[in-house]
Amino acid sequence: MDISIIGSGYVGLCTAVGFASLGHKVICVDVEKEKVDKINHGVPTIYEDGLEARLKAAVEAKQITATTDTDYAVKNSEISFIAVGTPSKDDGSIDLTYVKKVSRELGKALRNKDGYHVIAVKSTVVPGTTDDIVIPELERHSGKKAGEFGVCMVPEFLREGKALHDFLNPDRIVIGELDKKSGDIAEKIHEKLKTPILRKNIKTAEMIKYASNTFLAAKISLINEIGNICKKLGIDVYDVAEAVGYDRRIGKLFLEAGIGFGGSCFRKDISALLKKADQLGCEPKLIKAMLDTNKGQPLKIIELLEKKTNVKGKKIAVLGLSFKAGTDDVRDSPAAVIIKELTDKGAFISAYDPNAVENMRKRFPGITYADIGECLDNADACLILTDWDEFRQLEDRDFDKMRNRIILEGRRVLGRNKVRGFEGVAW
Ligand code: UDX
Ligand code: UDX
């Protein structure tokens, strides 16, 4: 089938390459001409495992093309996904500016198209958004009634760093549908994926995405709180988590304690849900507490560091800048909170990351970026903040050039007994 995707960011581009891998033809749309040109040359705009080769192959096979022209994209496809960002406003509520703008553009494009077309919301939006904002915009600008065109909400569950794998091996696909005709088309484009397809109404699909992210983030905050207690007691929380995870009701995944969750989704989405709950007169105390716990978690590594040394005027090596391994994304990265706090306290940061240096440089142009050896050379302390495999390879002797052997981990990377002078934030 012919698919168009409006917004070629992390989600839009990975989804495009995923659909191309299933044999569909995809038109990527983005307002940024530079991104469009790159995609047309088969060059990804983001780092994601396996993306480059697949994108190149799909562009060469003419399965993926990119344009800035929404009208063209709608005319030449049967279904259009909205995959633009939904950032947080200052008060934590969801900023729907881009979703609204794109809905307006899609409405105008629908006016110029005769055949049936489905609009599918992929961006994470608070329950009610598609019904209350997207559909009215589409109707107003197309001059047509929803039903004459199709509407779906198909949330994404892609982890950055594993996005293509997750696209091709999903645990489930959720389709929120306006009507059967819309849902059938959304289901058809996924038919090659052997996975349960759950068809619900639109609002329910929107909520499923928030509920999933909330559960995942809750697991992390809970194990972090347990880890903080373990730390005081001299217990390794990873031993606790291993045993707890054998209980199938709990499960083994997402029990890695450390400096807390980051990334473009968890904090943003949970804040948006809390704001929505607030408007509805609900008071989800537990969900609010999860965010509070997470906010404090990156600072734990600084507390630990300051027990060992005064940081003012010291050289601190920071290894790992992205919010997790496998991505160049620094949105909500705990490393940014830690760097800001340490520079405010007068420390000198020497930072390294395999992929995220350029993105972090935009945030912190004034710190030093160097390779691992230079970062560690004469350093007063080393903080390992991302679980890149490269850091797991580090040996005791790699730290010999440090002035002081203070090595603290925000993620479980080195493990116990591998390196002298090593300690974890929550274990
Ligand atoms: C996505 C989802 O859309 C978001 O709701 C979800 O919670 C996380 O994942 P993401 O792909 O990470 O967001 O966002 P980003 O990388 O910022 O990409 C958005 C793209 O849309 C950008 O390339 C931007 O240029 C483009 N865009 C934005 C448009 O093409 N038109 C616009 O009007 C606005
Ligand atoms: C998340 C969801 O997993 C995905 O389904 C959704 O569509 C988008 O948001 P992502 O943000 O890419 O994906 O990363 P994820 O792997 O979920 O990790 C989020 C954060 O939690 C990272 O900072 C990670 O380091 C942290 N984390 C994860 C922990 O601190 N401990 C864990 O046990 C697992």
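The rules we used
Numbering of residues starts from 1 in every chain and runs along the sequence as written. Written order determines the labels here, with chains lettered from A and ligands numbered from 1. Totals for whole chains, interfaces and linings use every residue, but because this is a predicted model, local features are given only for residues with pLDDT of at least 70 and side-chain atom pairs only at 80 or more, for both listing and counting. Each side-chain value is derived from all of the structure's non-hydrogen atoms; neither hydrogens nor water enter the calculation. Every helix listed is a DSSP run of H or I at least four residues long, and every strand listed is a run of E at least two residues long, numbered separately from the N terminus. Contact criterion: two residues are considered in contact whenever any of their non-hydrogen atoms come within 4.5 Å of each other. What makes a salt bridge here is a side-chain nitrogen of Lys or Arg within 4 Å of a carboxyl oxygen of Asp or Glu, nothing more. Whether a residue is buried, partly exposed or exposed follows from its accessible area with a 1.4 Å probe, protein chains only, as a fraction of its type maximum: under 20%, in between, or over 50%, in that order. Throughout, an axis means a line fitted to C-alpha atoms (over the contacting stretch in the case of helices), and angles, computed between N-to-C directions, take values from 0 to 180 degrees. Orientation labels follow simple angle bins: below 35 degrees gives roughly parallel, above 145 gives roughly antiparallel, 65 to 115 gives roughly perpendicular, and whatever is left gives oblique. For a crossing to be left-handed, the near helix must be turned anticlockwise from the far one by less than a right angle; the clockwise case is right-handed. Here the nonpolar group is Ala, Val, Leu, Ile, Met, Phe, Trp, Tyr, Cys and Pro; Asp, Glu, Lys and Arg are the charged ones; every other residue, Gly included, is treated as polar. Nearness of a residue to a molecule or strand requires only that one of the residue's heavy atoms be within 4 Å of it. The definition of a polar contact used here is a pair of N or O atoms within 3.5 Å, where within protein one atom must be able to donate a hydrogen and the other to accept one, and adjacent residues in sequence count solely through side-chain atom pairs. Under the convention used here, a 1.4 Å probe and the Shrake-Rupley method define accessible areas, while residue burial counts only the protein chains that appear. The domain limits used here are those given by an automatic or database domain assignment. Buried area is a sum: the accessible area each of two parts loses on coming together, probed at 1.4 Å, counted once for each and added. What makes two strands pair is DSSP finding at least two bridges between them. Any two of the Phe, Tyr and Trp rings considered here, Trp counted by its six-membered ring, make a pair once their centres fall within 6.5 Å; the pair's planes then place it as stacked at under 30 degrees, edge-to-face at over 60, or tilted in between. Think of it as a cone above the ring: NZ of Lys or CZ of Arg counts as a charge over the ring if it is within 6 Å of the ring centre and within 35 degrees of the ring normal.

Counting through the fold element by element, S221 comes out in helix 9 (residues 202–233). With 84 residues separating them in the primary sequence, S221 and L305 have C-alpha atoms 22 Å apart. Every residue in contact with S221, bar those within four places of it in the chain, is listed here: F261, M290, T293 and N294.

So, on to the pattern of salt bridges. Within the structure shown, the criterion is met by 30 salt bridges. In this structure, D269 and K268 form a salt bridge, with 3.0 Å as the shortest nitrogen-oxygen distance. Each of the two residues, D269 as well as K268, counts as buried. Notably, a salt bridge pairs E358 with R361, separated by 3.3 Å at the nearest N-O pair. Residue E358 and its partner R361 are both found in helix 14 (residues 357–363); the two are separated by three residues, about one turn of the helix. Taken together, the shared-partner salt bridges connect E177, K180, D184, E187 and R199 into one network.

Following both chains from N to C, one finds helix 1 (residues 10–21) and helix 3 (residues 51–60) inclined at 60°, their axes separated by 10 Å at the closest point. On the basis of their axis angle, the class for helix 1 and helix 3 is oblique. The hand of the helix 1/helix 3 crossing is left-handed. Residue-level inspection shows L13, C14, V17, A20 and S21 of helix 1 in contact with helix 3, the latter providing L51, R54, L55 and A58. Class assignment for the residues of the contact of helix 1 with helix 3 results in seven nonpolar, one polar and one charged.

Moving on, we come to the site of ligand 1. The environment of ligand 1 is formed by 22 residues, the closest being D30, K35, V84, T86 and K101. Here an oxygen atom of ligand 1 and a side-chain polar atom of K268 are 2.8 Å apart. Expressed as a share of its isolated accessible area of 700 Å², the protein-covered part of ligand 1 is 89%. Of all the secondary structure elements, the ones that give two or more residues to the shell around ligand 1 are helix 1 and helix 5 (97–111). Here the element with the most residues in the shell around ligand 1 is helix 5; it accounts for three residues. Among the residues forming the shell around ligand 1, the class breakdown is eight nonpolar, seven polar and seven charged.

On to the domain arrangement of the chain, then. As a measure of interface size, the accessible area lost when the parts come together is often cited. Along its sequence, the chain is organised into domain 1 (2–200), domain 2 (210–296) and domain 3 (299–424). Using only C-alpha atoms to locate each centre, domain 2 and domain 3 end up separated by 23 Å. Between domain 2 and domain 3, the contact holds 16 residues from the first and 18 residues from the second. Summed over both partners, the interface of domain 2 with domain 3 buries about 1,400 Å², with 46% contributed by carbon and sulfur atoms. The largest contributions to the domain 2 side of the interface with domain 3 come from K231, I259 and G263, which together make up 37% of the buried area. Counting across the domain 2 and domain 3 interface gives three salt bridges.

Before going further, it helps to examine the side chain of E177. Looking at the secondary structure, you find E177 in strand 7 (residues 173–177). Judged by relative accessible area, E177 falls into the buried class, the value being 18%. Within polar-contact distance, the side chain of E177 engages the side chain of R199 at 2.6 Å. Dropping the residues within four chain positions of it, E177 is found in contact with V151, C152, G183, R199, K200, N201 and I202.

Here the focus is the sheet that holds strand 4 (residues 79–82). Taken in spatial order, the eight strands make up an open sheet running 3-2-1-4-5-6-7-8, and their pairing is mixed. Each edge of the sheet is formed by a strand with only one pairing partner; in this case those strands are strand 3 (64–67) and strand 8 (197–200). Looking at each pair of strands side by side, their axes are set apart by 25° on average, direction ignored. Pairing analysis gives four bridges linking strand 4 to strand 5 (residues 118–121), with the strands arranged parallel.

We now examine the site of ligand 2. The local shell around ligand 2 holds 20 residues, among which E156, E160, E256, G262 and K324 are the closest. Side-chain polar atom of E156 to an oxygen atom of ligand 2: 2.9 Å apart, as the coordinates give it. In isolation ligand 2 exposes 660 Å². Once the protein is present, 93% of that is buried. Counting residues per element, the shell around ligand 2 draws most heavily on helix 9, at four residues.

All right, on to the packing of aromatic side chains then. Enumeration according to the criterion identifies five aromatic pairs in this entry. An angle of 80° between the planes, with centres 5.0 Å apart, marks the rings of F19 and F167 as edge-to-face. With F19 in helix 1 and F167 in helix 7 (residues 163–168), this pair connects stretches of sequence that are 148 residues apart. Relative accessible area serves as the criterion here: at 0%, F19 is assigned to the buried category. With a relative accessible area of 8%, F167 lands in the buried category. In this structure an aromatic cluster arises from ring pairing among F19, F81 and F167. Here K181 stacks its cationic end above the ring of Y116, 3.9 Å away from the centre of that ring.

Structurally, E306 is set in helix 12 (residues 285–308). Setting aside residues no more than four positions away along its own chain, E306 makes contact with V311 and K345.

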